[in-house]
Every structure is written in structure tokens, then in C-alpha cells.
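Fold and contact review
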Amino acid sequence: MSTIRIVHGVGDAPTKMASYDAALADANVHNYNLVAVSSVIPADATVEEVGTAPDLGPAGNRLTVVEARATIGGVGSVSAGLGWATGPGPGLFYEASGEDPTAVRRSVVVGLDAGRDLRDDWEFTDEQVTVTTAEADGEGYTTAVTLAVYGDSESIF
């Protein structure tokens with residue numbers, strides 16, 4: 001059985017991309033080439049919220065993820081939320097981002113509800129949502145990320 005790890009991070013830096021890289025570093029997935037996939041959880045996978053990723057293989061490898069990401073320049077807050085619904089078969093991830101963590105959480109829950117409605121032949125027995133929020137002080141850019149990381153990294157070649 002494969003594990004999908006839920007990780008999150010926040011980062012501050014002088015540019016948008018550097019703050020994103022810093023947030024990925026906070027989650028310990030900054031040394032991989034992230035490949036985004038849509039939001040289906042394979043039936044044989046387990047989902048585990050770990051916060052910070054363990055070593056997932058050599059730097060430069062490909063890492064499959066579902067990602068919620070939000071960046072702000074100036075003063076304010078940003079939130080990146082990820083929710084998942086699972087059961088005995090396949091499951092779903094839904095992601096959202098924005099400035100208000102309550103609205104982000106609500107958007108994720110509404111998305112999960114809609115996704116379950118589309119799959120009325122699947123059984124869902126558990127639902128969880130996590131929202132990562134970062135406060136920006138006005139110096140440069142701030143990014144919040146929440147990612148579902150599928151297994152370990154693989155060679156990109």
C-alpha cells in the first residue's frame with residue numbers, strides 16, 4: 001500500500017518565486033521537480049498528514065503532488081487549503097487558496113461535496129481538511145503551500 005503524505009510550509013522572500021521556493025523548503029519538498037496531478041486518490045493508497053516531508057529520494061527527481069498555493073506581496077495573509085475524502089475505494093483531493101482561511105476551508109468542503117456527488121458509486125467514510133496560513137509583514141512576498149505528496153520521488157530520466 002502506498003502512502004500519500006500531506007505536507008505544508010510558509011516562506012518569505014524578495015520575489016514571488018523565491019517565496020514559493022522557501023515555502024517548499026519549509027515543507028521539505030524544495031529539491032524535487034514537482035509534477036501536479038488532478039485530485040484522485042488511488043484505492044490502495046493511505047493518506048497521512050505529516051507536516052514536513054521525510055527524505056523522498058535524490059535531489060532533482062520527479063515528485064507527484066496535488067498542490068494548494070497562495071502568494072501575497074505586501075501586508076496581509078494568505079491561505080492554501082487541501083481536503084480529502086476517502087473510503088474503502090478511491091478517494092478525492094480538493095484544493096483552494098485565498099486570503100481568508102475560513103473561506104478557503106469552506107471552498108474545500110464545498111468542492112469535496114461536489115466531487116462526491118459526481119461519484120455516487122464510490123463510498124466515502126472519512127473527510128479531512130487542512131489549511132496553511134501565512135502572515136505577510138510587507139517585506140517582499142509570502143507564500144503558503146499545502147501539498148499531497150504521492151509516495152517517494154522517481155528519476156526524471
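My aim in this report is to walk through the structure given alongside it, one point at a time. Just so you know, these numbers come straight off a predicted model, no measurement behind them. (Residues numbered from 1 in each chain as written. Predicted model: local features only at pLDDT ≥ 70, side-chain atom pairs only at ≥ 80, totals over all residues. Heavy atoms only, no water.)

**As for the overall build of the protein chain**
The test is simple: Per the convention used, a helix needs a DSSP run of H or I reaching at least four residues, while a strand needs a run of E reaching at least two, with both numbered from the N terminus. Both definitions apply: the radius of gyration is a C-alpha atom measure, and the globule rule equals 2.2 Å times residues to the power 0.38. For every residue, the accessible area obtained with a 1.4 Å probe (protein chains only) is divided by the maximum for its type, and the residue is called buried under 20%, exposed over 50%, and partly exposed between those limits. Two residues qualify as a contact provided that any one of their heavy atoms is within 4.5 Å of a heavy atom in the partner residue. Per-residue and other accessible areas follow the Shrake-Rupley method at a 1.4 Å probe size, with only the shown protein chains counted as cover for residues. The charged-residue count follows a simple rule in which Lys and Arg add positive charge and Asp and Glu add negative charge, with His and chain termini not counted at all. For this purpose, a charge sits on NZ of Lys, CZ of Arg, CG of Asp or CD of Glu.
Regarding its fold elements, the protein chain presents 2 helices and 7 strands. In the protein chain, the succession of helices and strands from N to C terminus is β-α-β-β-β-β-β-α-β. Here the C-alpha atoms of the protein chain give a radius of gyration of 16 Å, agreeing with the 15 Å that 2.2 N^0.38 yields for 157 residues. Out of the 157 residues in the protein chain, the part that is buried amounts to 41%. For the protein chain, the proportion of contacts with a sequence separation of at least 24, taken over those separated by at least 6, is 77%. Surface exposure of the protein chain reaches about 7,600 Å², of which carbon and sulfur atoms provide 48%. Computing the positive centroid from 8 side-chain charges and the negative centroid from 23, the protein chain places the two 4 Å apart.

**Quick notes on the environment of Ala-53**
With respect to the helices and strands, the residue Ala-53 is situated in the loop between β4 (45–51) and β5 (62–86). Overall, Ala-53 belongs to the buried group, its relative accessible area being 4%. The spatial distance from the C-alpha of Ala-53 to the C-alpha of Leu-24 is 10.0 Å, given a sequence separation of 29 residues. When sequence neighbours within four positions are dropped, the list of residues in contact with Ala-53 reads Val-7, Ala-27, Asn-28 and Val-29.

**Notes on the packing of aromatic side chains**
Using the following cut-off: A pair of aromatic rings is counted whenever rings of Phe, Tyr or Trp (Trp by its six-membered ring) have centres within 6.5 Å, and the orientation is called stacked for planes under 30 degrees apart, edge-to-face for over 60 and tilted otherwise. Should the NZ of a Lys or the CZ of an Arg lie within 6 Å of a ring centre and within 35 degrees of the ring normal, that charge is described as sitting over the ring.
One pass over the structure, following the stated rule, counts 3 aromatic pairs. Arranged with centres 6.2 Å apart and planes meeting at 65 degrees, the rings of Phe-93 and Tyr-150 form a pair that is edge-to-face. Of this pair, Phe-93 sits in strand β6 (residues 91–98) while Tyr-150 sits in strand β7 (residues 126–154), and the two are 57 residues apart along the sequence. Judged on exposure class, the residue Phe-93 and its partner Tyr-150 are both buried. Clustering of aromatic rings is evident, with ring pairs tying together Trp-84, Phe-93 and Tyr-150. Above the plane of the ring of Tyr-20 lies Arg-69, whose end atom (NZ or CZ) is 3.5 Å from the centre.

**Side note on the nonpolar core**
Here is the rule we go by: Each nonpolar core is a collection of buried residues, namely Ala, Val, Leu, Ile, Met, Phe, Trp, Tyr and Cys, held together in the definition by side-chain atoms within 4.5 Å.
Val-7, Val-29, Leu-63, Leu-147 and Val-149 are the most contacted members of the largest nonpolar core, which totals 14 residues. Listing elements by their share of this core, those giving two or more residues are α1 (16–27), β5 and β7. Counting residues per element, this core draws most heavily on α1, which supplies 4 residues. Leaving out residues up to four positions away in the same chain, Leu-147 has contacts with Arg-5, Ile-6, Val-7, Leu-24, Val-29, Leu-34, Val-65, Val-66, Glu-67 and Leu-82. In this structure, Ile-4, Ala-45, Trp-84 and Phe-93 belong to the second largest nonpolar core, which totals 10 residues.

**Observations regarding helix α2 (residues 101–118)**
This is how the line gets drawn: Expected helix span is computed as 1.5 Å times (number of residues minus one). Working definition: the arc comes from the directions between the helix axis and the C-beta atoms, pointing outward to the latter. Nitrogen and oxygen atoms within 3.5 Å of one another constitute a polar contact, given that in protein one can donate a hydrogen and the other can accept it, and given that sequence-neighbouring residues count only through two side-chain atoms.
Over its 18 residues, α2 extends 26 Å from the first C-alpha to the last, a length consistent with the 26 Å expected when each residue adds 1.5 Å. Where α2 is concerned, the buried positions are Val-104, Val-108, Gly-111, Leu-112, Gly-115 and Arg-116. Viewed along the axis of α2, the buried residues span an arc of 135 degrees, placing them on a single side of the element. Along α2, the residues that are exposed and aim more than 90 degrees away from the buried face are Val-110 and Asp-117. Residues of α2 that are buried in the fold lie against β5, β6 and β7. At the N-terminal end of α2, a side-chain oxygen is found 3.1 Å from the backbone nitrogen of Thr-102, two or three residues along, and the residue is Asp-100.

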